[in-house]
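Structural overview
What follows is each chain in one-letter form.
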Amino acid sequence: MLGILLPVVLFIMIDTVVIYRQALAAVNTAYDRTLLASAKSIGEHISATGEADAAKLSASVPYAALEVFEADNRSRMIYRISSTNGVLIDGFQDLPAWRGQLPQLGPYAALVDFYDDTYRGDAVRVAVLLQPVAMQRARAMAVVQVAETLELRRTLARQILIDTLLRQLALLSVIALVVFVVVQRATRPVRHLSQLLRQREADDLTPLHLADAPTELQPLMEATNTTMSRLKDLLDNQKRFVRDTAHQLRTPLAVLKVQVQSALRGDVEPQQALQEISQTVQRATVLANQMLSLAKVAQLAQENPSNTIDWAVVLREVALDLSPLIADRELDFDIDTVPSPIQTHDWMLRELSRNLLHNAIRYSPQGGPLHVTLVSDARVAALVISDSGPGISPDLQKRLFQPFSAGQATGGSGLGLAICLEITRTLGGQIELANREAQGHIIGLDATVRLPLVPVTAIKMSNR
């Protein structure tokens, strides 16, 4: 309403000033015509005697001749008749003589001028008429001044201003009322929708009904439904993650408790008990670390990474860190990379590479081949890790990226690939696992990750 009414108020204020000035000019024009008429009436009572230009002027003007031009008793008219030399012929001596000049292009055919002056301390409007007087032998020029006090003009101007303001105020009131009614009717669906949303329970994410919604609100409601659907999926995933996490943590803790009790009772040898406890603690530690990693991915996803990191360097460093595992399994390992600048956090890229390569090492058979290839084009870098393991079944492939969905190998928590998926999504890339077959048999698994590269222009600008 402010956006509509403020421009209207501004326009009305400007329009009021313009109307007032125009009305005041019209009033002055009308009253100036009255002054001119009175001056002409006085000019008719002037006579001249003498010869030619040496004639003398005389006048006998009864005051009754001016009464017809007086509007009411709120204004007074004063006149003065003089020669062009300023010699008083008739009228009021204390009315200041005219000292001005006639306008070159006046609005009247007569030799007349209008100006503002003061008379006995009062503001007056004066009309000056140069009246030619011609008798049989005498010719002369008389200066007729007629002044009028401004009480009536000012009263009329104030009345015009008040009337104008009242009309504009009435117009503004009508506009405000119409705007209020229209805005209330137009925003009623919005207020109704807001009320419905406020009355919902905190966990109510059901879609809004679009059938009775106004056309203008349907895009907003569709976007709201989409957002609530995403929130519902997110909350469902969080609930499932918390439920699975509680179950996954409860299991190693229960096993650990049993192992400790068994060791205390002496059911197993101390060395064997300690070894079993160590394995259980290690599995719980891996699970806790991966849970923390998954939470860290969600945290870093809210930040805007500004670092440009070469994926090839990170990949070779990760391979060097995991080289003892590669040597322990006696894998036929080779790695081939090209420079691939990625805009990301160093931890995310390192965690992604470590989880994928660690999974490939764990699933590869003793002495089997393991190939790591990183290629890129102008827009995308692609990492392919090819192991020689048993691959994945179609049923497992559908849920492999879900948390706690471990593959065939033992000792895994099922969070590694879930972490990889979240990192890849955060970086705007894609990840997929595909079995590699030969002669109808699975001979290994290819884990492929595609991430967008940093444009070459951005790299040049950062180097500068």
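The rules behind these values
Residues numbered from 1 in each chain as written. Predicted model: local features only at pLDDT ≥ 70, side-chain atom pairs only at ≥ 80, totals over all residues. Heavy atoms only, no water. Pairing = 2+ DSSP bridges. Helix = DSSP H or I, 4+ residues; strand = E, 2+ residues; numbered from the N terminus. Axes fitted to C-alpha atoms, helices over the stretch in contact; angles between N-to-C directions. Contact = heavy atoms within 4.5 Å. Salt bridge = Lys/Arg side-chain N within 4 Å of Asp/Glu carboxyl O. Buried < 20%, exposed > 50% of the residue type's maximum accessible area, 1.4 Å probe, protein only. Arc of directions from axis to C-beta. Polar contact = N/O pair within 3.5 Å; in protein donor to acceptor, adjacent residues only side chain to side chain.

**Some details on the sheet that holds strand 14 (residues 441-452)**
Within a sheet, neighbouring strands are paired by backbone hydrogen bonds and run either parallel or antiparallel to one another. One open sheet accounts for five strands, arranged 9-11-12-14-13; its pairing is mixed. One side of each edge strand has no neighbouring strand; the edge strands of this open sheet are strand 9 (332-336) and strand 13 (430-438). In this sheet, neighbouring strand axes are inclined to one another by 15° on average, regardless of whether the strands run parallel or antiparallel. Here nine bridges tie strand 13 to strand 14, and the two strands are oriented antiparallel to one another. Across the sheet, residue L433 finds its bridge partner in strand 14, namely A447. In the packing of helix 6 (residues 311-321) onto the sheet, contacts are made with strand 9, strand 11 (369-376), strand 12 (380-387) and strand 14, and the angle to strand 9 comes to roughly 160°. Strands in contact with helix 8 (residues 346-363) are strand 9, strand 11, strand 12, strand 13 and strand 14; relative to strand 12, the strand with the most contacts, it is inclined by about 20°.

**Some words on the pattern of salt bridges**
Taken as a whole, this structure holds 14 salt bridges when the rule is applied. Residue D446 pairs with R436 through a salt bridge whose shortest N-O separation is 2.5 Å. Of this pair, D446 sits in strand 14 while R436 sits in strand 13, and the two are ten residues apart along the sequence. For R436, a relative accessible area of 23% puts it in the partly exposed group. Residues joined by salt bridges that share partners form a network here, namely D32, D116, R125, E148 and R153.

**Observations regarding helix 6**
Among all positions in helix 6, only W311, A312, V314, L315, V318 and A319 are buried. What you see down the axis of helix 6 is that its buried residues fit within an arc of 160°, all on one side. Two or three places before A312, at the opening of helix 6, D310 has a side-chain oxygen 3.1 Å from that residue's backbone nitrogen.

**Here we look at the sheet that holds strand 4 (residues 88-91)**
Within the open sheet, the five strands sit side by side as 4-3-7-6-5. Their pairing is antiparallel. Two strands in the sheet have a free side with no partner beyond their single neighbour: strand 4 and strand 5 (112-119). Each strand axis lies, on average, 25° off the axis of its neighbour in the sheet, ignoring direction. Here eleven bridges tie strand 6 (residues 122-134) to strand 7 (residues 139-149), and the two strands are oriented antiparallel to one another. Bridge pairing in strand 7 places V133 opposite A140.

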